[in-house]
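Residue-level structure breakdown
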Amino acid sequence: MTSPFSEPRTIEWTGTAVKIIDQTILPGRLRYLELSSAEETADAIRTMKVRGAPAIGVVAALGVALSVRGRGGSSATESDAAKRALDAIELLRSTRPTAVNLAWALERMRGVVGKTKRSRTGGLKEALLSEALSIMEEDKRLCRRIGENGARLLRDGSTVLTHCNAGALATAGMGTALAVIYVAVSQGKKIRVIADETRPLLQGARLTAWELVAREIDVTVVCDSAAAWLMKQGKVDCVLVGADRVARNGDVANKIGSYSLAIVAKEHGIPFYVACPYSTIDESLPDGSSIPVEERGEEEIRLVAGKKVVPDKARVYNPAFDIVPHDYVAAIVTDRDVTTPPFEGKLGIAGG
């Protein structure tokens, strides 16, 4: 049996490039891409070849490191490299607005630029790479802690409903929400998973199911609109999702459809759990009303497998995320602990 901890290598540093899995073509084909510049990195994030809040933070940090490697001659100064790094930070920041991990990682990289003294470019190059690799290794550790903390919420025999993908494909490690399942399974618990397909890009059907099948974990894919009926029938014990941003009061931004799941779960007395690393907690926001919600292109809804499904004259609205109010959330699992309501004042950033 495949070990629950044998996650795919979603993100790797090769020494000269960032190697990622192209998530747009899974599960039909497993293809790796090598990104060799900040521009290629930004495009990969924007087009969702790499996605998941922790993963895009890690890849963006490595993209900043790429921006100063192999550039300039012997006369290049630290200020030249610093400008390139700062330009890369702004480029990468613009790719996905909702996931706070992206801004968090880029601010760490900006801090390195600010602290590095003027000298030859080698000093800043190595400092940026060191910080980016530290962010990646930290994410791996945090994922494991999230899994260990959250596993105690799952009983032997539990059926868990998931939405979107919050597994190894969404992080540098074993995932966030799926890490909870992986650790529970490693403890000998029998866990069944129901994966919402997650329209319009089918991250649940394509990615979550792919991960779980690879680990021989029982998974059933359902269309998004089936979730309420399954809850009504008593076939769901809990809902477990990741997060792209969590406000100070516990309001949660996650993949579109999460809010409706939370409402239905509460109606049926089913706990709605959120799993995320500390870098997803945005203490600057008192509540979810200020979380920016990304709107994506119409083609994601107009086309399914390259086939037109929406008339040309019909308008399309494609928000990528919604906001789950904190009073629908039964617990937030982080690398630090499992936090239950009230969340205010209890979600503060913990060291990695």
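Position labels on residues start from 1 in each chain and follow its written sequence. With pLDDT at 70 or above as the cut-off, local features in this predicted model cover only qualifying residues; side-chain atom pairs require 80 or more to be listed or tallied, and sums for whole chains, interfaces and linings still use all residues. As a convention, hydrogens and water are excluded, and side-chain values are obtained from all of the structure's heavy atoms.

Some details on the pattern of salt bridges
Salt bridges are identified by distance alone: a Lys or Arg side-chain nitrogen within 4 Å of an Asp or Glu carboxyl oxygen. The tally for this structure, following the rule as stated, stands at 19 salt bridges. A salt bridge links D22 to R31, with the shortest nitrogen-to-oxygen separation between them at 2.3 Å. Burial status follows relative accessibility: with a 1.4 Å probe on protein chains alone, a residue under 20% of its type maximum counts as buried, one over 50% as exposed, and anything between as partly exposed. Look at R31 and you get partly exposed, because its relative accessible area is 28%. Between R245 and D282 there is a salt bridge; the shortest N-O distance is 2.8 Å. Within this pair, whereas R245 is found in strand β8 (residues 245–247), its partner D282 is found in strand β11 (residues 281–282), the two being separated by 37 residues in sequence. Ionic contacts of the salt-bridge type, sharing partners, join the residues E90, R93, E107 and R110 into one network. Strands are runs of DSSP state E lasting at least 2 residues, helices are runs of H or I lasting at least 4, and numbering of each runs from the N terminus.

Topic: the packing of helix α2 (residues 53–67) against helix α4 (residues 100–115)
Two quantities define a packed helix pair, namely the angle between the helix axes and the distance between the axes. Helix axes are fitted only over the stretch in contact, all axes being lines through C-alpha atoms; the angle between N-to-C directions runs from 0 to 180 degrees. At their nearest, the axes of α2 and α4 sit 8 Å apart, and the two run at 30° to each other. Classified by the angle between their axes, α2 and α4 sit roughly parallel to one another. Both α2 and α4 take part in a crossing whose hand is right-handed. From α2, A53, P54, I56, G57, A60, A61, V64 and A65 reach across to α4, where they touch N101, L102, A105, L106 and M109. Gly is put with the polar residues, along with every residue not named as nonpolar or charged; the nonpolar set is Ala, Val, Leu, Ile, Met, Phe, Trp, Tyr, Cys and Pro, and the charged set is Asp, Glu, Lys and Arg. Considered class by class, the residues forming the contact of α2 with α4 number 11 nonpolar, 2 polar and no charged. An angle below 35 degrees is read as roughly parallel, one above 145 as roughly antiparallel, one from 65 to 115 as roughly perpendicular, and any other as oblique. With the far helix as reference, a near helix turned anticlockwise by less than a right angle produces a left-handed crossing, and one turned clockwise produces a right-handed crossing. Residues are treated as being in contact if the distance between any of their heavy atoms lies within 4.5 Å.

A closer look at the side chain of H163
Residue placement: H163 occurs in the loop between β4 (159–162) and α6 (177–186). For H163, a relative accessible area of 3% translates into the label buried. Pairing of N or O atoms within 3.5 Å defines a polar contact, subject to two protein rules: one partner must be a possible hydrogen donor and the other a possible acceptor, and residues neighboring in sequence count only if both atoms are side-chain atoms. Within the local environment of H163, its side chain forms a polar contact with the side chain of D196, the two groups lying 3.1 Å apart. At 2.8 Å, the side chain of H163 and the backbone oxygen of I256 are in polar contact.

Remarks on the side chain of N149
As for its placement among the helices and strands, N149 is situated in helix α5 (residues 121–150). For N149, a relative accessible area of 14% gives the class buried. Within the structure, N149 has its side chain in polar contact with the backbone oxygen of D335 (distance 3.1 Å). Not counting chain neighbours up to four residues away, the residues in contact with N149 comprise V333, T334, D335, R336, D337 and V338.

Observations regarding the sheet that holds strand β9 (residues 252–255)
The strand order across the open sheet built from 4 strands is β11-β8-β9-β14, with neighbouring strands paired in mixed fashion. Both outer strands of the open sheet, β11 and β14 (321–324), are each paired with one neighbouring strand and no more. Any two strands with at least two DSSP-identified bridges between them are counted as paired. Here β8 pairs with β11 via 2 bridges, running parallel. Across the sheet, residue V246 finds its bridge partner in β11, namely I281.

What to know about the sheet that holds strand β1 (residues 11–13)
On the basis of which strands lie adjacent, the open sheet formed by 3 strands has the order β1-β2-β3 and antiparallel pairing. If you trace the sheet from one side to the other, it starts and ends with β1 and β3 (32–35), each paired once. Neighbouring strand axes in the sheet, compared pairwise and without regard to direction, differ in orientation by 25° on average. Sheet topology note: the strand β2 (residues 18–21)/β3 ladder contains 4 bridges and is antiparallel. Within β3, the position partnered with K19 by the bridge is E34. Running over the sheet, α2 touches β1, β2 and β3 and is turned about 20° from β1.

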